[in-house]
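Examining the three-dimensional arrangement
Next come the chains, spelled out residue by residue.
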Amino acid sequence: MGKIIGIDLGTTNSLVAIVESGIPLVLADGQGRRLTPSVVRVSAAGETVVGWEAKRGRVAHPETTVTSIKRFIGRRGDEVDSTAAASVYTIRSEGRGPVAVPLHGRDWSPEELSAEILKALRTIAAEGMIDRPEAAVITVPAYFNDAQRNATRNAGELAGLRVERIINEPTAAALAYGLGSLKEKSKVAVYDFGGGTFDLSILELNEGVFQVLATCGNTRLGGDDIDHVVIEHLAEQISQGGGPSAATEPAIWARVAEAAEEAKARLSTENEVAISLPFLASEFSFEYTLTREQLESLAKPIVVRTREYCLKALADAGLASGDLDQVILVGGQTRMPLVREFASEVFGCGDSGPKLNTSQNPDDAIAIGAAIQAGILSGDYSGMLLLDVTPLSLGIETFGGLMNVIIPRNTTIPVKRGEVFTTVADYQKEVLIHVLQGEREKATDNWSLGRFTLGFEPQPKGVAKVGVQFEIDADGILNVLARDIKTGNEKVVEMASAVEVDDAEVQQMIEESVEHAFDDIEERRWIEAKLRAEQTKAATRKGLQSFGGELADDQRGAIEAALAVVESLLAKLGRDEAVTAAEFKEANGTLDEATQPLAELMMDRVMAEMLKKRGVLPG
Ligand code: AMP
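1. Let's talk about the overall build of the protein chain
Scanning the protein chain for helices and strands turns up 15 helices and 29 strands. Overall, the protein chain is about 105 × 60 × 60 Å in size when its C-alpha atoms are taken along their principal axes. Taking all 619 residues of the protein chain together, the buried fraction comes to 51%. Taking as baseline every contact in the protein chain between residues at least 6 positions apart, the subset at least 24 positions apart corresponds to 67%. Accessible surface computed for the protein chain: about 27,000 Å², of which carbon and sulfur atoms make up 50%. Separation of charge centres in the protein chain, based on 63 positive and 93 negative side chains, amounts to 5 Å.

Next up, the structure:
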């Protein structure tokens, strides 16, 4: 049987790891290199060059060398900022269509380009192990939505790998760190600052099971952003020194970018570095010394942006930093001393606070975790299970335009939850299932993930029953099932594009839900009270028509009076006059009380009818 390999498909670098004889190992290429740059170049003949060679060739072929493609995978044209990759290749992004990268006359999808990276990793694995690599566990940032997860899965399959699992990067990292270093019951924060993404997850390890208590992050915040400010700083120095403009000359930009990234990495261990770019233009060479202090002042505004995600995740998990046992650092950017100091400060690490754990190689941890998960699936590694959580609530739109939550935010996945709904109109032939994601009370304030209709046998309102079930699989992909309970007719729709789930937007959604909490609840109360008024009005009119004659005069009079109040409130609404939720509530309550004898009478009649049908009572 072929082996399952673990892959960290990173924005900047990727790695492949396996479990061999129960031990997780990162595999190196023929030259002993464990990192493979996530860089792809397409030649004029349409051939691809991947990894180190492509990265080296970036200077000579800036426009056909694709970096940071992960920022575009599974994204729609209107969701991407084509300058976000800090690169010079062209991104074609139109409206709601998929993103494409035109290279030598052919449009490449981000999946295809990612598949090239995965193929290179598969080759490294094939050369470094005994069994053939056939399947893979691939990691993605915690905030990747369905579309991004699916696209990553497709990339794996295009690379000839069966994708067994897509798992969250911080969860994988925690698995790697979890080896032996944690107590039986611990809580840890995973601070993952990579090339293109930042994730903060709070995890709990309990009797061999990791549970993600909360996750928060930004898929557009990473070491690349620090590179960007350093590149801009260097470009400014170059033009001040009378040199060429890096911004308008791709080949120059690429050389400066390479120098900037190298200087940044070296400044993690050195106090200053000499940057030398000879013959940047025909008559211009650039020499410059960048100090750690300068780098830190350039990088600080980017690093401090991670604070809000740390605090939010803690709040979501209902924890204070003192409740944590450890803070784990993951991702190449956490090698920077400033980042370590900052993480330590945010979580109050030290004597009384959690321990800052940097014991694992931050570049390897995610791949090692993916290999451990692969090992668990293949049976080569035992003892741990993995659980992730939903970043936002999921539900459907119900009558009155309200959001009905089916799976709340921060629910552990995989999960399956369902509810039964009824219809609002008599003899409806179909119902609309409008799937929503978000934390707001009104459907329109949440994000629409998709909609579909289910046809069913027409029945009176309230009688037709529609079962709706949400299932999120271990990869975080949502399937929605709707079923006509009577006939069993059903439809299952995969919500292939939870597209609007963007980290910053998730953040905004949560903030808005807190900000509008009181107004939202007030609005929900109002809508529910109004709907109830409409429903009881109709039901009471019908009941009076059929059974009114059998009621005592005073009983009927009380119902008529209460009904008149409800009707007058609804009429006021019809004239666009304001009615409060409290007014509706009071009128509904009085009508409920008044209709008590009518309800009892109707119940008696219905029971008698049923028993008569069964032949218990004389006709
Ligand atoms: P990752 O996505 O985990 O591979 O992290 C890649 C990011 O880490 C890139 O932005 C690198 O420039 C950065 N990085 C790698 N090594 C270092 C280092 N020694 N010091 C600072 N940043 C680094």
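2. Here's the deal with the site of the ligand
Near the ligand you find 14 residues, and of these Gly195, Lys264, Ser268, Gly332 and Gln333 are the closest. Lys264 is positioned with one of its side-chain polar atoms (N or O) 2.7 Å from an oxygen atom of the ligand. Considering the ligand on its own, with 500 Å² of exposed area, one finds that the protein chains cover 87% of that surface. In terms of residue count, helix α6 (residues 250–266) provides more of the shell around the ligand than any other element does, three residues in total.

3. Some points on the nonpolar core
Counting residues in hydrophobic clusters, the biggest one holds 56 residues, and the most contacted among them are Tyr191, Ile202, Ile275, Phe286, Val303 and Phe347. Counting residues per element, this core draws most heavily on α6, which supplies seven residues. Once you skip the residues sitting within four places of it in the chain, Val303 turns out to touch Tyr191, Phe193, Ile226, Leu338, Val339 and Phe342. Counting 37 residues, the second largest nonpolar core, distinct from the first, contains Phe72, Tyr89, Val101 and Ile124.

4. Remarks on the packing of helix α5 (residues 223–240) against α6
The contact between α5 and α6 brings their axes to 8 Å, and the two run at 120°. Relative to α6, α5 is oriented oblique. For the pair α5 and α6, the sense of crossing is right-handed. Residues Gly223, Ile226, Asp227, His228, Val230, Ile231, Leu234 and Ile238 of α5 lie in contact with α6, whose contacting residues are Trp253, Val256, Ala257, Ala260, Glu261 and Lys264. For the contact of α5 with α6, a count of residues per class yields nine nonpolar, two polar and three charged.

5. Things to note about the packing of aromatic side chains
Aromatic ring pairs are defined here through the distance separating the ring centres and the angle between the ring planes. As enumerated under the stated definition, the model contains six aromatic pairs in all. Between Trp526 and Phe584, the ring centres sit 6.1 Å apart and the planes meet at 70°, which makes this aromatic pair edge-to-face. Remark: Phe584 occurs in helix α14 (residues 581–594) and Trp526 occurs in helix α12 (residues 517–547); sequence separation between them is 58 residues. If you follow Arg106 out to its NZ or CZ, it ends over the ring of Trp108, 4.1 Å from the centre.

6. Digging into unusual backbone geometry
A positive phi angle is found at Phe279, which is not glycine, with a value near 50°. Tracing the sequence through the fold places Phe279 in strand β16 (residues 272–281). Of note, Asp576 is a non-glycine position whose phi angle comes to about 65°, a positive value. Positionally, Asp576 belongs in the loop between α13 (553–574) and α14.

Parameters at a glance
- Residues numbered from 1 in each chain as written.
- Predicted model: local features only at pLDDT ≥ 70, side-chain atom pairs only at ≥ 80, totals over all residues.
- Heavy atoms only, no water.
- Helix = DSSP H or I, 4+ residues; strand = E, 2+ residues; numbered from the N terminus.
- Buried < 20%, exposed > 50% of the residue type's maximum accessible area, 1.4 Å probe, protein only.
- Contact = heavy atoms within 4.5 Å.
- Areas by Shrake-Rupley, 256 points an atom, 1.4 Å probe, with all protein chains shown as cover.
- Lys, Arg positive; Asp, Glu negative; His and termini not counted.
- Charge placed at Lys NZ, Arg CZ, Asp CG, Glu CD.
- Near = heavy atom within 4 Å.
- Polar contact = N/O pair within 3.5 Å; in protein donor to acceptor, adjacent residues only side chain to side chain.
- Core = buried A, V, L, I, M, F, W, Y, C linked by side-chain atoms within 4.5 Å.
- Axes fitted to C-alpha atoms, helices over the stretch in contact; angles between N-to-C directions.
- Parallel < 35°, antiparallel > 145°, perpendicular 65-115°, else oblique.
- Left-handed = near helix turned anticlockwise from the far one by under 90°.
- Nonpolar A, V, L, I, M, F, W, Y, C, P; charged D, E, K, R; others polar.
- Phe/Tyr/Trp six-rings, centres within 6.5 Å; stacked < 30°, edge-to-face > 60°.
- Lys NZ or Arg CZ within 6 Å of the ring centre and 35° of its normal.

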